[in-house]
Amino acid sequence: MFKPAITGTGVFTPRETITNDELVVAFNAYAERFNKENADAIAAGEVAAKEPSSTEFIVNASGIEQRYVMDKSGVLDPEIMHPRLRARSNDEPGVMAEMALDACGKALAQAGRDAGEVDLIICAASNHERPYPAVAIEIQQLLGANGFAFDMNVACSSATFGIQAAADMVRAGSVRCAMVVSPEICSGHLEWRDRDCHFIFGDVCTALVIERAEDAKGAHFLVHSTRCATQFSNNIRNNNGFLRRTRDPELQDRRDMQFVQEGRKVFKEVLPLVSSHIAQHMADEGVNADQLKRLWLHQANKTMNDFIGRKVMGRVPEAAEQPNILQDYANTSSAGSIIAFSKYSDDLQPGDTGLICSFGAGYSVGSVLVERA
């Protein structure tokens, strides 16, 4: 058995940003037009009026101040309200693979590895641009990696589930050097016309190099233990899929074909699930709260992270102990905790212990205990 280690990280950040103020102007223009066009139905009680959004509402609800996106022009157009991405031929790299090349290149450079030394790529993301061929295999070809590749989707927990899969294969010796890459174009599945969620998501791509610790060329993080769990729930759901066209009425633009969340139910059910999951993982590995130097949580909502941090640490964590990046990136699904890990891990000292955790639809939760080496 071999000891797996994270030896490199990389983050691709889109060039375009949308501030809360910009988002509110676009949404309110859409809401005003909607209310005007449906005035009679609204007056008759047949249709609910669209309430205006505000920057204060967004910050109070989420802690998000801006988000990076692959295209802002369509999102901010009240007549479109979704990103517009260029159509590509089958002979061109897909947009997810293009994002992945940047993040993977950075992770490989940090690890001191060439793509040809990689023998496993897992594309772990909440939304894939096509069912097949696997985006991971496209990334493998574009990078010039060897071995094999496959896609994985466990919604917002995809990256940590991918880490467990890759670490297990490194540990068993079936692969020597793996990459877990998470190209998240969350702007594509977000319903920008819904006041309750129009501010939640942003786009990004993260990548991790996981290899045998004995092969590490520099500072790295030993993967001591991973833990994954799932529990079925409809409270976070997207009903879109390849069977949609088999049901003629469902070809219309329906609300449930985008991101749908019962926010209050999610808070009530996910918070204790995640808190107990982390606590049990730490207890099983003999790690107490005082030994935990860093907590890299899923970046969905500041209130949720604050609650989980208090439960795990037994006190209010200091900002450096539980770094947040969602104020800048918003919710980037599975990539959020990896962005936080990539940006806020270099200062840890050899022997320091930290925990990466992501959670979301499914429900799903994944945690990874690491030690700086």
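Overview of the structure. (Residues numbered from 1 in each chain as written. Predicted model: local features only at pLDDT ≥ 70, side-chain atom pairs only at ≥ 80, totals over all residues. Heavy atoms only, no water.)

1. Observations regarding the overall build of the protein
Regarding its fold elements, the protein presents 10 helices and 13 strands. Taken over C-alpha atoms, the radius of gyration comes to 21 Å for the protein, in line with the 21 Å a tight globule of 373 residues would show. By principal-axis analysis of the C-alpha atoms, the protein measures approximately 70 × 55 × 35 Å. Across the 373 residues in the protein, those meeting the buried criterion constitute 53%. Look at the contacts in the protein between residues 6 or more apart in sequence, and 77% of them connect residues 24 or more apart. Of the accessible surface of the protein, which amounts to about 16,400 Å², a share of 49% is contributed by carbon and sulfur atoms. Averaging the locations of the 37 positively and 49 negatively charged side chains of the protein gives two centres separated by 2 Å. (Helix = DSSP H or I, 4+ residues; strand = E, 2+ residues; numbered from the N terminus. Rg over C-alpha atoms; globule rule 2.2 N^0.38 Å. Buried < 20%, exposed > 50% of the residue type's maximum accessible area, 1.4 Å probe, protein only. Contact = heavy atoms within 4.5 Å. Areas by Shrake-Rupley, 256 points an atom, 1.4 Å probe, with all protein chains shown as cover. Lys, Arg positive; Asp, Glu negative; His and termini not counted. Charge placed at Lys NZ, Arg CZ, Asp CG, Glu CD.)

2. Considerations on the nonpolar core
Counting 45 residues, the largest nonpolar core has V274, I278, L292, I308, L355, C357 and F359 as its most contacted members. For I278, the contacting residues outside a window of four places in its chain are L297, I308, V312, L355 and C357. In terms of nonpolar packing, the next biggest core, distinct from the first, is built from 36 residues, I6, I122, I210 and L348 among them. (Core = buried A, V, L, I, M, F, W, Y, C linked by side-chain atoms within 4.5 Å.)

3. Considerations on the packing of helix α4 (residues 95-111) against helix α5 (residues 135-143)
Packing of α4 against α5 brings their axes to within 10 Å, and their N-to-C directions diverge by 55°. Between α4 and α5, the interaxial angle falls into the category oblique. For the element pair α4 and α5, the recorded crossing hand is right-handed. Note on element contacts: α5 touches α4 through V135, E138, I139, L142 and L143, opposite M96, A97, A100, L101, C104 and L108. Looking at side-chain class alone, the contact of α4 with α5 contains 10 nonpolar, no polar and 1 charged residues. (Axes fitted to C-alpha atoms, helices over the stretch in contact; angles between N-to-C directions. Parallel < 35°, antiparallel > 145°, perpendicular 65-115°, else oblique. Left-handed = near helix turned anticlockwise from the far one by under 90°. Nonpolar A, V, L, I, M, F, W, Y, C, P; charged D, E, K, R; others polar.)

4. Some details on the pattern of salt bridges
What the rule picks out here adds up to 17 salt bridges. Taking the shortest distance from any N to any O, the salt bridge between E37 and R33 comes out at 3.9 Å. With a gap of 4 residues between them, E37 and R33 both fall in helix α1 (residues 20-37), about one helical turn apart. On the basis of relative accessibility, which here comes to 58%, the residue E37 falls in the exposed class. The salt bridge involving R113 is made with E211; its shortest N-O contact spans 2.9 Å. (Salt bridge = Lys/Arg side-chain N within 4 Å of Asp/Glu carboxyl O.)

5. What about the sheet that holds strand β7 (residues 203-212)?
Pairing is mixed across the open sheet formed by 9 strands, whose spatial order is β5-β4-β6-β7-β1-β8-β13-β12-β11. Unpaired on one side and paired on the other, β5 (148-152) and β11 (292-297) mark the two borders of the sheet. Averaged over all pairs of adjacent strands, the angle between their axes in this sheet comes to 25°, without regard to strand direction. Taken together, the 2 bridges between strand β1 (residues 4-12) and strand β8 (residues 221-230) define a ladder with antiparallel strand orientation. Across the sheet, residue I6 finds its bridge partner in β8, namely F221. This element, helix α6 (residues 158-172), spans β1, β4 (120-124), β5, β6 (177-185), β7, β8, β12 (353-360) and β13 (364-372) of the sheet and lies at about 125° to β8. (Pairing = 2+ DSSP bridges.)

6. Quick look at the environment of D215
Position of D215 among the secondary structure elements: in the loop between β7 and β8. Sequence separation between D215 and R176 is 39 residues, and the spatial gap between their C-alpha atoms is 8.9 Å. Within polar-contact distance, the side chain of D215 engages the side chain of R176 at 2.6 Å. (Polar contact = N/O pair within 3.5 Å; in protein donor to acceptor, adjacent residues only side chain to side chain.)

7. Description of the side chain of S225
Its place among the elements puts S225 in strand β8. By relative accessible area, which is 7% here, S225 ends up buried. In terms of polar contacts, S225 uses its side chain to reach the side chain of H281, at 2.8 Å. Apart from the residues lying within four places of it in its own chain, the contact partners of S225 are H281, E285, S367, V368 and L369.

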